[in-house]
Amino acid sequence: MPKITFFNLPEDKRENLVHAAKKEFARVPLYQASISNIIKDAKIPRGSFYQYFDDKEDAFFYLLNSHVSAYKMYFLETLQKNNGDIFDAMIDFYTAIITEEKENLQFLRNLFLNMTHRIENVMARSFGENDLNENFKKISNLIKKDRLNIQDEQELFHMMQIISSVTFHNIVKKFAGDLPFDEAVHNYKKEIYLLKKGFISE
């Protein structure tokens, strides 16, 4: 987490530093990112950067957590908009991610193509969650369960983990293969509808 001095900055200076960091992490993955580029773009001394963050990883995960918080809110809104239909909500969610504005999209591209266990755990909180906590319960309360073939919250949790894995896989395929929008959405819908339909013939 950023240091208290970061949050004490005037809003315009804080936003300027965040923009400079986002620009650098959109340019290259975390391991290639340069603090020198961030401070040059933000027009601050190197010492000032370390007054706000421990290191570049600290700045990166602050940005990532901000993205995840925004995605979580969007996902809850999308569930409501789709009347609790988890499958339609996921298609909307996936579409929103791959149509982000250019800088955010490049940030996500670097993120998904250079995924680590720590990054994956943070990203999972946007809609899958890592355990049956309060945030997962918020999602669960919005999902229309009467037509789902699940027995309890535990099974819902595992269903969400499966959907999460399919979604992550499709985002990686989109970025790695530089797939056109229509092809990427078509592939994702096909896999989501297969999950929705199931694989056993009645």
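Our structure's up above, just so we're on the same page.
The text that follows walks through the structure, step by step, so that each part is easy to find. (Residues numbered from 1 in each chain as written. Predicted model: local features only at pLDDT ≥ 70, side-chain atom pairs only at ≥ 80, totals over all residues. Heavy atoms only, no water.)

### Some thoughts on the overall build of the chain
Here comes step 1: Looking only at helices and strands, the chain features eleven helices and zero strands.
Here comes step 2: Each helix (α) and strand (β) of the chain, taken in turn from the N terminus, gives the series α-α-α-α-α-α-α-α-α-α-α.
Here comes step 3: When the backbone C-alpha atoms are referred to their principal axes, the chain occupies close to 65 × 35 × 30 Å.
Here comes step 4: The proportion of buried residues among the 202 residues of the chain is 43%.
Here comes step 5: Restricting to contacts in the chain with at least 6 residues of sequence separation, those with at least 24 account for 63%.
Here comes step 6: Surface exposure of the chain reaches about 11,300 Å², of which carbon and sulfur atoms provide 51%.
Here comes step 7: Of the charged side chains in the chain, 27 are positive and 29 negative; the average position of the first set lies 4 Å away from that of the second. (Helix = DSSP H or I, 4+ residues; strand = E, 2+ residues; numbered from the N terminus. Buried < 20%, exposed > 50% of the residue type's maximum accessible area, 1.4 Å probe, protein only. Contact = heavy atoms within 4.5 Å. Areas by Shrake-Rupley, 256 points an atom, 1.4 Å probe, with all protein chains shown as cover. Lys, Arg positive; Asp, Glu negative; His and termini not counted. Charge placed at Lys NZ, Arg CZ, Asp CG, Glu CD.)

### Notes on the nonpolar core
Note that soluble globular proteins tend to have their nonpolar side chains buried in a common cluster.
Here comes step 1: Grouped together as the largest cluster of nonpolar side chains are 63 residues, with contacts concentrated most on Phe-25, Phe-60, Leu-64, Phe-75 and Ile-86.
Here comes step 2: Here this core gets eleven residues from one element, more than from any other, and that element is helix α5 (residues 56-81).
Here comes step 3: Filtering out sequence-adjacent residues up to four positions away, Phe-60 remains in contact with Phe-25, Leu-30, Phe-107, Leu-111 and Ile-119. (Core = buried A, V, L, I, M, F, W, Y, C linked by side-chain atoms within 4.5 Å.)

### Digging into the side chain of Asn-82
Here comes step 1: Tracing the backbone shows Asn-82 in the loop between α5 and α6 (86-98).
Here comes step 2: Accessibility expressed as a relative area gives 17% for Asn-82, which makes it buried.
Here comes step 3: One polar contact links Asn-82 to Asp-92, side chain to side chain, over a distance of 3.0 Å.
Here comes step 4: Here Asn-82 is in contact with Asp-88, Ala-89 and Asp-92, once residues within four sequence places are set aside. (Polar contact = N/O pair within 3.5 Å; in protein donor to acceptor, adjacent residues only side chain to side chain.)

### Here we look at the pattern of salt bridges
Here comes step 1: With the rule as written, the count across this model stands at six salt bridges.
Here comes step 2: Taking the shortest distance from any N to any O, the salt bridge between Arg-27 and Glu-24 comes out at 2.9 Å. Of this pair, Arg-27 and Glu-24 both sit in helix α2 (residues 11-27), three residues apart, roughly one helical turn.
Here comes step 3: Salt-bridge contacts for Glu-191 lead to Lys-173; the nearest nitrogen and oxygen are separated by 3.4 Å. Taken together, the residues span a long stretch of sequence, with Glu-191 in helix α11 (residues 181-197) and Lys-173 in helix α10 (residues 153-176) at a distance of 18 residues.
Here comes step 4: The class for Lys-173 is partly exposed, based on a relative accessible area of 29%. (Salt bridge = Lys/Arg side-chain N within 4 Å of Asp/Glu carboxyl O.)

### Describing α6
Owing to its 3.6 residues per turn, the α-helix brings residues three or four apart onto one side.
Here comes step 1: In a regular helix each residue adds 1.5 Å, so 13 residues correspond to 18 Å; α6 covers 18 Å between its end C-alpha atoms and thus fits that length.
Here comes step 2: Between the side-chain oxygen at the start of α6 and the backbone nitrogen of Phe-87 there is a gap of 3.0 Å, and the oxygen is on Asp-85. (Expected span 1.5 Å × (residues − 1).)

### Some thoughts on the packing of aromatic side chains
Here comes step 1: Tallying each qualifying case throughout the model produces 17 aromatic pairs.
Here comes step 2: Ring centres of Phe-6 and Phe-7 lie 5.2 Å apart, and the angle between their planes is 80 degrees; this geometry places the pair in the edge-to-face category.
Here comes step 3: Of the residues examined, Phe-6 reaches a relative accessible area of 0% and is grouped as buried.
Here comes step 4: Among the aromatic residues, those joined into a cluster by ring pairs are Phe-6, Phe-7, Phe-49, Tyr-50, Phe-53 and Tyr-62.
Here comes step 5: When the ring centre of Phe-61 is taken as reference, the NZ or CZ atom of Arg-118 above it lies at 3.6 Å. (Phe/Tyr/Trp six-rings, centres within 6.5 Å; stacked < 30°, edge-to-face > 60°. Lys NZ or Arg CZ within 6 Å of the ring centre and 35° of its normal.)

### Looking at a nonpolar patch on the surface
Here comes step 1: Together, Met-1, Ile-4 and Phe-7 give the surface a local cluster of nonpolar side chains, amounting to about 360 Å² of exposed area.
Here comes step 2: With respect to the helices and strands, Phe-7 occurs in helix α1 (residues 4-7). (Patch = residues over 30% accessible without salt bridge, like charges linked within 9 Å, V, L, I, M, F, W, Y side chains within 5 Å.)

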